[in-house]
Amino acid sequence: MSAASFVSPTFAAAPVARKARVARRGSVTTRAGPKPGVDGVPYVATNRFVVPDKDPAVVQRLVSEIEKREKLMKTLPGYTSSALTSGPNEGEFSFTQEWETKQAYEDYMNHPSRRRSHMAAGVYQYLPKDKWSVPENFTPILPTPK
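Everything quoted here is computed from the prediction, not taken from an experiment.

**A few points about the overall build of the protein**
- Of the regular secondary structure elements, the protein holds four helices and five strands.
- For the protein, the proportion of its 146 residues judged to be buried stands at 29%.
- Excluding contacts between residues fewer than 6 apart, the proportion of contacts in the protein whose partners are at least 24 apart in sequence is 58%.
- Accessible surface for the protein amounts to roughly 10,500 Å². Of this, 56% is attributable to carbon and sulfur atoms.

**Quick look at unusual backbone geometry**
- Residue P88 follows G87 across a cis peptide bond; omega there is 10 degrees.
- Within the fold, P88 resides in the loop between β2 (79-86) and β3 (92-99).
- Unusually for a residue other than glycine, K54 sits at a positive phi of about 60 degrees.
- With respect to the helices and strands, K54 occurs in the loop between β1 (43-50) and α2 (56-73).
- For K54, a relative accessible area of 37% corresponds to the partly exposed category.

**A closer look at the pairing of β3**
- Extensive coverage of β3 is indicated by the burial of six of its eight residues.
- Two strands pair when backbone bridges link them, and β1 and β3 are joined in this way by eight bridges, in the antiparallel orientation. Looking across to β3, one finds that T46 is bridged to T96.
- Relative to β3, β2 runs antiparallel, the two sharing seven bridges.

**Observations regarding the pattern of salt bridges**
- Applying the stated rule across the entire model yields four salt bridges.
- Its salt-bridge partner being E65, residue K68 comes within 3.5 Å of it at the nearest N-O pair. Of the two residues, K68 and E65 are both situated in helix α2; the distance of three residues between them amounts to about one turn of the helix.
- The exposure class of E65 is buried, given its relative accessible area of 6%.
- Measuring nitrogen to oxygen at the nearest pair gives 3.6 Å for the salt bridge that ties K102 to E106. Of this pair, K102 and E106 both sit in helix α3 (residues 102-109), four residues apart, roughly one helical turn.
- On the basis of relative accessible area, E106 is assigned to the partly exposed category, the value being 30%.
- The network of salt bridges with shared partners includes E65, K68 and R69.

**Examining the nonpolar core**
- With 21 residues, the main nonpolar core has V51, L62, W99 and V123 as its most contacted residues.
- Those elements that place two or more of their residues in this core are β1, α2, β3 and α3.
- Here W99 is in contact with P42, Y43, M73, L76, P77, G78, Y79, T80, A104, Y105 and Y108, once residues within four sequence places are set aside.

**As for the packing of aromatic side chains**
- Applying the stated criterion across every chain yields a total of three aromatic pairs.
- Note on Y79 and W99: the rings are 5.5 Å apart at their centroids and 75 degrees apart in plane angle, and the pair reads as edge-to-face. Residue Y79 is located in strand β2, and its partner W99 is located in strand β3; the two are separated by 20 residues in the primary sequence. Side by side, Y79 and W99 carry an identical accessibility label, which is buried.
- On the basis of an interplanar angle of 25 degrees and a centroid distance of 5.4 Å, the ring pair of W99 and Y108 is categorised as stacked.
- One aromatic cluster in this structure is built from Y79, W99 and Y108.

Cut-offs applied
- Residues numbered from 1 in each chain as written.
- Predicted model: local features only at pLDDT ≥ 70, side-chain atom pairs only at ≥ 80, totals over all residues.
- Heavy atoms only, no water.
- Helix = DSSP H or I, 4+ residues; strand = E, 2+ residues; numbered from the N terminus.
- Buried < 20%, exposed > 50% of the residue type's maximum accessible area, 1.4 Å probe, protein only.
- Contact = heavy atoms within 4.5 Å.
- Areas by Shrake-Rupley, 256 points an atom, 1.4 Å probe, with all protein chains shown as cover.
- Pairing = 2+ DSSP bridges.
- Salt bridge = Lys/Arg side-chain N within 4 Å of Asp/Glu carboxyl O.
- Core = buried A, V, L, I, M, F, W, Y, C linked by side-chain atoms within 4.5 Å.
- Phe/Tyr/Trp six-rings, centres within 6.5 Å; stacked < 30°, edge-to-face > 60°.

This is a description of form; function is not addressed.
Take a look at the structure:
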């Protein structure tokens, strides 16, 4: 028998399933869930804005800017919904957007009309807590309250 035709019985057997790696130092291994905006899960972005002095004129400019953005969003593919809500404290607002895919959200964020829109002077924002939301350009950031 030639060396080329010899197959070791060890290698010819069916592959043996390897044990999953055990996490080290007490950490827990978790399986990644579906990705927002990719695996049929909507892509949701939330930004929180603050008008510290609660000036009604600044609040109205904030609401007007959000309304202009919603008008644009409704014309774009992949838009599902959006909502501007107030609270939990006076002068605080949350703007939540839902898109079918992350790409649809990114297309909106890169739209020329969206890129030219900015919040009014006197509007601040908290840095988004989740990794999906994007802070506003040119809007001052406040430390996120605990």
